[in-house]
Amino acid sequence: MKKTSENGAERSRRDFLKAGAAAVTLAPGVTLMALAAPASADGLKPGARWGLLIDSSKCPEDCSACVSACSNEHGWENNGLDTDPQWIRKVNLKNKQTGRASSLPVMCQHCEKPPCVDVCPTGASFKREDGIVLVDRHICIGCRYCMMACPYKARSFVHEPVTGQKHTTPRGNGTVEACNLCVHKIDRGDGTTACVEACSATGNNAMIFGDLNDPESEIAQALLNYPSTELRGDLQLNLGVRYSNI
Amino acid sequence: MIRLLIIGLFALLAAPVMAQDSLFPDIPKATGEAHPEGNEYWRINHPDMLRHDRNLTVHEGDRQIQASISECVTCHAVKGPDAAPVTIESDQHFCRACHDYAAVKIDCFQCHSSVSEDTDQALLLPGQMLGRETELDALRAYLEGASQ
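Model, not experiment: these values are computed from the prediction.

### A look at the overall build of chain B
Right, so step 1: Looking only at helices and strands, one finds seven helices and zero strands in chain B.
Right, so step 2: Listing the helices and strands of chain B from first to last along the sequence gives α-α-α-α-α-α-α.
Right, so step 3: Burial analysis of chain B (148 residues in total) assigns 19% to the buried set.

### Let's talk about the overall build of chain A
Right, so step 1: Scanning chain A for helices and strands turns up seven helices and 11 strands.
Right, so step 2: Residues classed as buried in chain A amount to 33% of the 246 residues present.
Right, so step 3: At a minimum sequence separation of 6, the contacts of chain A that also span at least 24 residues come to 58%.

### Focus on the pairing of strand β5 (residues 101-107) of chain A
As a general feature of sheets, a regular strand has side chains that alternate between the two faces.
All names here are of chain A.
Right, so step 1: As paired elements, strand β4 (residues 88-94) and β5 share seven bridges and run antiparallel to each other. Along β5, the bridge assignment pairs N92 with S103.
Right, so step 2: Hairpin connection between β4 and β5: a loop of six residues separates the two successive antiparallel strands, and G99 in this loop has a positive phi of roughly 85 degrees.

### As for the sheet that holds strand β3 (residues 50-55) of chain A
Backbone hydrogen bonds hold the strands of a sheet together, and the pairing may be parallel or antiparallel.
All names here are of chain A.
Right, so step 1: Pairing in this open sheet of three strands is mixed, and the strands run β10-β3-β11 from one edge to the other. On the outer flanks of this sheet lie β10 (207-211) and β11 (241-244), each paired with one strand and no other. Between one strand axis and the next, the sheet turns by 20 degrees as a mean value, whatever way the strands run.
Right, so step 2: Pairing between β3 and β11: four bridges, direction parallel. Residue pairing for β11: D55 is matched across the bridge by S244.

### Section: the confidence of the model for chain B
All names here are of chain B.
Right, so step 1: Per-residue pLDDT for chain B averages 78, and the proportion of residues at 70 or more is 69%.
Right, so step 2: For chain B, the element scoring lowest by mean pLDDT is helix α6 (residues 121-124), at 54; helix α5 (residues 108-111) scores highest, at 94.
Right, so step 3: Of the regions scoring below 50 in pLDDT, residues 125-132 engages in five contacts with residues more than four places distant in sequence or in other chains.
Right, so step 4: For this predicted complex, the interface confidence score (ipTM) comes to 0.77, while the overall pTM stands at 0.76.

### Some details on unusual backbone geometry
All names here are of chain A.
Right, so step 1: Positive phi outside glycine occurs at H110, with the angle close to 50 degrees.
Right, so step 2: As for its position among the elements, H110 is in the loop between β5 and α3 (115-119).
Right, so step 3: By the C-beta count within 10 Å, which is 28 here, H110 ends up buried.
Right, so step 4: Its identity as a non-glycine residue notwithstanding, N245 has a phi of 60 degrees, on the positive side.
Right, so step 5: By C-beta crowding, N245 is classed as partly exposed, having 16 other C-beta atoms within 10 Å.

### Quick notes on the interface of chain B and chain A
By a frequent convention, interface size equals the accessible area lost on bringing the separate parts together.
Right, so step 1: Counting residues at the interface gives 22 residues for chain B and 21 residues for chain A.
Right, so step 2: Among the elements that make up the side of chain B that touches chain A, the one with the highest residue count is helix α2 (residues 39-60) of chain B (11 residues).
Right, so step 3: Among the residues making up the side of chain B that touches chain A, the classes are represented as five nonpolar, 10 polar and seven charged.

### As for the environment of N205 of chain A
All names here are of chain A.
Right, so step 1: Mapped onto the elements of the fold, N205 is located in the loop between α6 (194-202) and β10.
Right, so step 2: C-alpha of N205 to C-alpha of L181: the two residues are 24 residues apart in sequence and 17 Å apart in space.
Right, so step 3: Setting aside anything within four residues of it in sequence, one finds N205 in contact with K58, C199 and S200.

### Focus on helix α2 (residues 65-74) of chain A
Right, so step 1: Residues A65, C66, A69, C70, E73 and H74 of chain A constitute the buried set of α2 of chain A. On an axial view of α2 of chain A, the arc spanned by its buried residues comes to 140 degrees, and they lie on one face.

### Description of the packing of α2 of chain A against α6 of chain A
Residue and element names in this part refer to chain A.
Right, so step 1: At a closest axis distance of 8 Å, the pairing of α2 and α6 adopts a crossing angle of 135 degrees. Judged by the inter-axis angle, α2 sits oblique to α6. In this structure, α2 crosses over α6, and the sense of that crossing is right-handed. Within the contact between the two elements, α2 uses A65, C66, A69, C70 and E73 and α6 uses A194, C195, E197, A198, C199, A201 and T202.
Right, so step 2: Class assignment of the residues belonging to the contact of α2 with α6 gives a composition of nine nonpolar, one polar and two charged.

### Things to note about the confidence of the model for chain A
Right, so step 1: This prediction gives chain A a mean pLDDT of 87; 83% of its residues lie at or above 70.
Right, so step 2: Here residues 1-24 of chain A is a poorly scored stretch, pLDDT under 50, and it has 25 contacts once near neighbours within four places are set aside; other chains count.

### Focus: the environment of K90 of chain A
All names here are of chain A.
Right, so step 1: Mapped onto the elements of the fold, K90 is located in strand β4.
Right, so step 2: Residue classification places K90 among the partly exposed residues on the basis of 17 C-beta atoms within 10 Å.
Right, so step 3: Along the chain, K90 and G164 lie 74 residues apart, while their C-alpha atoms are 26 Å from each other.
Right, so step 4: Not counting residues within four places of it along the chain, the set of residues in contact with K90 comprises S64, V67, S103 and P105.

### Concerning the nonpolar core
Residues and elements named next belong to chain A.
Right, so step 1: I54, C66, C179, C195, C199 and M207 are the most contacted members of the largest nonpolar core, which has 50 residues in total.
Right, so step 2: Elements with a contribution of two residues or more to this core: β3, α2, β5, β7 (133-135), α5 (183-188), α6, β10 and β11.
Right, so step 3: The leading source of residues in this core is α6, at five residues.
Right, so step 4: For C199, the contacting residues outside a window of four places in its chain are A65, C66, N204, N205, A206 and M207.

Rules behind the numbers
Residues numbered from 1 in each chain as written. Chains lettered and ligands numbered in written order. Predicted model: local features only at pLDDT ≥ 70, side-chain atom pairs only at ≥ 80, totals over all residues. Helix = DSSP H or I, 4+ residues; strand = E, 2+ residues; numbered from the N terminus. Buried ≥ 20, exposed ≤ 12 C-beta atoms within 10 Å, placed from the backbone. Contact = placed C-beta atoms within 7 Å. Pairing = 2+ DSSP bridges. Axes fitted to C-alpha atoms, helices over the stretch in contact; angles between N-to-C directions. pLDDT = per-residue confidence, 0-100. Nonpolar A, V, L, I, M, F, W, Y, C, P; charged D, E, K, R; others polar. Arc of directions from axis to C-beta. Parallel < 35°, antiparallel > 145°, perpendicular 65-115°, else oblique. Left-handed = near helix turned anticlockwise from the far one by under 90°. Core = buried A, V, L, I, M, F, W, Y, C linked by C-beta atoms within 7 Å.

Below is the structure:
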């Protein structure tokens, strides 16, 4: 059999025929065709920018529901070793002058201008069209430049072979990983992330997930009406994750 | 005399072919619907298709793809003696049947799961099967099989 390469054009033509296009015959031999709209729930939402808003005043110091939810959802485990993966962690802050303490989860901040993408020599570290910063492990060579470049210490390196991975989160030895904003859930149309779900389940409701570009969304409304801040805003990275009441 | 020679020649030619037949890997049967493009097409093109569609998923978020590794391992699951699907650790695994034969190393399962999504992960861990009757039977069958 002749070897044929599977390319995008071939695929879209096939899908076009398979999905069935709406066709209107205007005159004999003249047909107006319109592509059927792709399934709305599945895949990348054009024009969206996904983000989180975290209210530190609603985040108790002793709660780590978001961290365990992330660990369960993606199948990573942190036993306290420096080399263990850590997609999200709780950070406790204290103002030395006033003594005010606050607690907040820190994960990949999904920058608009991500330093990890700038430094990646292979293009494995990339930003999706909807603002989610990811590692394409197929092309990651494990050099860890991105880990050095990240101002938020958000990325970790997998030091040991992994077995029993989750289907939705492939992860393996020798590659770098970080919070992927539950990209599989977003593509599925769940409209939330594991950490936000867990935070709501505890009743703290400290985290909001949503589309920063949609002015009607809960997160955009909250950002419009209440003060919020970016971690290391001086770096002008325009973060997807915002905090209030730190 | 010539007839004898011809028969001898045939026997000589047939011998390596027969030997090859027996060496060819025993490819496990799949459970789902057959590939419309045919098995021959997939045998040749599956690396290209997987590579093409993985980029669609990772970079464009398209998860309704044709060549999904998750669907591969679901349809092509091979049940082990303990009734649970075997992982890539086992040489019974669908992918290994040919890849071992062709001596081509697959990296996919360093990151991806090699069993179907609905597989009970607990079943894959030895020692956790005890206390459950049906699985106890499976374990017994497995041990009896191993001792033979």
